[in-house]
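Coordinate inspection notes
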Amino acid sequence: MDPDADALERSAEAALRPGTLDEFVGQRVVRDQLDLVLKAASARGATADHVLLSGPPGLGKTTLAMIVAHEMGATLRVSSGPAIQHAGDLAAILSSLDEGDVLFLDEIHRLARPAEEMLYLAMEDFRVDVVVGKGAGATSIPLSLPPFTVVGATTRAGLLPAPLRDRFGFTAHLDFYEPHELRAILERSAGKLGLALDGDAAAEISGRSRGTPRIANRLLRRVRDWAQVHGSGRADLAAARQALTVYEVDERGLDRLDRAVLGALCTRFGGGPVGLSTLAVSVGEESETVETVAEPFLVREGLMSRSPRGRVATADAWVHLGLQPPADALAGETTRRLFD
Ligand SMILES: Nc1ncnc2c1ncn2[C@@H]1O[C@H](COP(=O)(O)OP(=O)(O)OP(=O)(O)O)[C@@H](O)[C@H]1O
């Protein structure tokens, strides 16, 4: 996405973000647990424990970080793994924190190793060792920090080294949302946008949103565009269907990238198994994008499976693409169903 379009998309998203835990729809277990962590810390007059949130993009990790700061009456400071290239960058952020601040570190699995090590110490002892000078004359000056809360977010919890993971007092994994939860999110968003949204249109959009609030809200805005330009301004079922066809989101919620991945898997690699990087190159995408954006959804939809030798298209994937599944895909499916 070009930077201007990206900024516009982000500001449209920000307008729809829930501001409190009560407004946050779904993820009931995580919400209840986090509520307890925050209320207990407030009752003790302490800063909250460090929080680690993992899960696919667009499920609400940034939103929850903002909510943690809001519920604690704290200032939110935002940075990310890729933005912190050197330990010095992190030292500058940490040494400017005030007591009780919430430091949101997005993509925390992408922190450079020296910064990661500095973060362990800061999270555990509220201290950083600032190294002054170079070589034999270098000295390390300990600098104590006021208590603060780190909220780390990652799409790939498995990449976090255990010592860093262990520093988080509360860890939670966000899962894809159920259709009725997405409908509730869409209804709330439509209210905020001043858009009349019919129940069957909300159901249609939620069914194509891949279990992801960010996608649901994005599709809702596209349906609003269609309704304003071609329809009556009301987001009814016809507007939803027409708009989603224009934006190439099919009835199961697969978008162009998903179909490209499945298409390559079936037509170029005979249904697999094929390695992630080969598959990603064949659709002109980064491996990480295929792995964190397309794959979790395709696996969850039963369209792709992962084997030790690589990614495999299920018989359902062939059928979805309008192709004849090969005999071994059908046999694999029968075996899988027998053992499921
Ligand atoms: N539980 C929810 N209830 C209502 N809206 C939600 C919820 N979760 C997410 N959203 C909406 O989805 C959008 C995306 O959420 P958010 O930016 O928090 O996702 P994320 O997990 O941080 O994604 P990324 O990893 O890509 O940064 C937000 O603008 C928000 O409006």
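Residues numbered from 1 in each chain as written. Predicted model: local features only at pLDDT ≥ 70, side-chain atom pairs only at ≥ 80, totals over all residues. Heavy atoms only, no water.

An unreviewed UniProt entry lists the chain under the name Holliday junction branch migration complex subunit RuvB, with Demequina activiva as the source organism.

**Let's talk about the overall build of the chain**
In plain terms, the rule: Secondary structure elements follow DSSP: runs of H or I no shorter than four residues count as helices, runs of E no shorter than two count as strands, and numbering proceeds from the N terminus. Note on classification: 1.4 Å probe, protein chains only; a residue is buried when its accessible area is under 20% of the maximum for its type, exposed when over 50%, partly exposed between these limits. Contact definition: two residues touch when any of their heavy atoms are within 4.5 Å. The protein chains shown are the only cover counted for residues, whose accessible areas, like all others here, come from Shrake-Rupley with a 1.4 Å probe. Positive charges come from Lys and Arg, negative ones from Asp and Glu, while His and the chain ends are left out of the count. By convention, charge coordinates are those of NZ in Lys, CZ in Arg, CG in Asp, or CD in Glu.
In terms of regular secondary structure, the chain is built from 15 helices and nine strands. Dimensions along the principal axes, computed over C-alpha positions, put the chain at roughly 70 × 50 × 40 Å. Across the 340 residues that make up the chain, the buried fraction comes to 44%. Relative to all contacts within the chain whose residues are 6 or more apart in sequence, the contacts with residues 24 or more apart total 68%. If you sum the accessible surface of the chain, you get close to 16500 Å²; carbon and sulfur atoms cover 52% of it. Charged side chains in the chain number 37 positive and 47 negative. The centres of these two groups are separated by 2 Å.

**Let's talk about the packing of helix 7 (residues 179-193) against helix 9 (residues 213-229)**
Each packed pair of helices is defined by two parameters, the angle between the axes and the distance between the axes. Rule in force here: Between N-to-C directions, angles span 0 to 180 degrees; the directions come from axes that are lines fitted to C-alpha atoms, helices contributing only their stretch in contact. Angular relationships are summarised with four words: roughly parallel below 35 degrees, roughly antiparallel beyond 145, roughly perpendicular across 65 to 115, and oblique for the angles in between. Left-handed describes a crossing whose near helix is turned anticlockwise from the far helix by less than a right angle; the clockwise case is right-handed.
Where helix 7 meets helix 9, the closest approach of the two axes is 10 Å, and the angle between their N-to-C directions is 45 degrees. Taken together, helix 7 and helix 9 sit at an angle that is classed as oblique. With respect to the hand of their crossing, helix 7 and helix 9 are arranged in right-handed fashion. The segment helix 7 lies against helix 9, with Leu182, Ile185, Leu186, Ser189, Ala190 and Leu193 engaging Pro213, Ala216, Asn217, Leu220, Arg221 and Arg224.

**Quick look at the UniProt feature "binding site: Mg(2+)" (unreviewed entry) in the chain**
Our working definition: UniProt positions are given in the numbering used here, feature names are shortened, and annotations may be inferred rather than shown by experiment.
The UniProt entry lists Thr62 under the feature "binding site: Mg(2+)" (unreviewed entry), expressed in the numbering used here. Mapped onto the elements, Thr62 comes out in helix 3 (residues 61-71). By relative accessible area, which is 22% here, Thr62 ends up partly exposed. Excluding anything up to four places from it in sequence, Thr62 contacts Arg17, Phe104 and Asp106.

**So, the site of the ligand**
Under the convention used in this document: Any residue with a non-hydrogen atom lying within 4 Å of a molecule or strand is treated as near it. Any pair of nitrogen or oxygen atoms within 3.5 Å is treated as a polar contact; in protein, a donor-acceptor pairing is required on top of that, and neighbouring residues in sequence qualify only through side-chain atoms on both sides.
Lining the immediate surroundings of the ligand are 19 residues, of which Val25, Gly58, Thr62, Thr63 and Arg214 lie closest. A distance of 2.7 Å separates a nitrogen atom of the ligand from a polar backbone atom of Val25. Within the side chain of Thr62, one N or O atom sits 2.6 Å away from an oxygen atom of the ligand. A total of 630 Å² of accessible area belongs to the ligand in isolation, and the protein chains cover 96% of it.

**Description of the packing of aromatic side chains**
Our working definition: Classification of ring pairs uses Phe, Tyr and Trp, with its six-membered ring standing for Trp, and accepts pairs whose centres are within 6.5 Å; under 30 degrees between planes counts as stacked, over 60 as edge-to-face, and the remaining range as tilted.
Counting across every chain of the model gives one aromatic pair. Seen in terms of ring centroids, Phe126 and Phe148 are 5.3 Å apart; in terms of plane orientation they differ by 80 degrees. Their pairing is edge-to-face. With Phe126 in the loop between helix 5 (113-125) and strand 4 (127-132) and Phe148 in the loop between strand 5 (139-144) and strand 6 (149-154), the pair connects residues that are 22 residues apart, well separated along the chain.

**Brief notes about the domain arrangement of the chain**
Formally: By convention here, the domain bounds are inherited from an automatic or database domain assignment.
One can read the domain layout of the chain as domain 1 (7-173), domain 2 (179-246) and domain 3 (256-339). For domain 2 and domain 3, the distance between their C-alpha centroids amounts to 29 Å.

**Some remarks on the UniProt feature "binding site: ATP" (unreviewed entry) in the chain**
Within this numbering scheme, the UniProt entry marks Leu16, Arg17, Gly58, Lys61, Thr62, Thr63, Glu124, Asp125, Phe126, Arg167, Tyr177 and Arg214 as carrying the feature "binding site: ATP" (unreviewed entry). Over a stretch of 199 residues, the named residues are scattered through the fold, their C-alpha atoms separated by up to 37.0 Å. Structurally, the position occupied by Glu124 is in helix 5. Position of Arg214 among the secondary structure elements: in helix 9. The contacts of Arg214, once residues within four sequence positions are left out, are Arg10, Glu13, Pro57 and Gly58.

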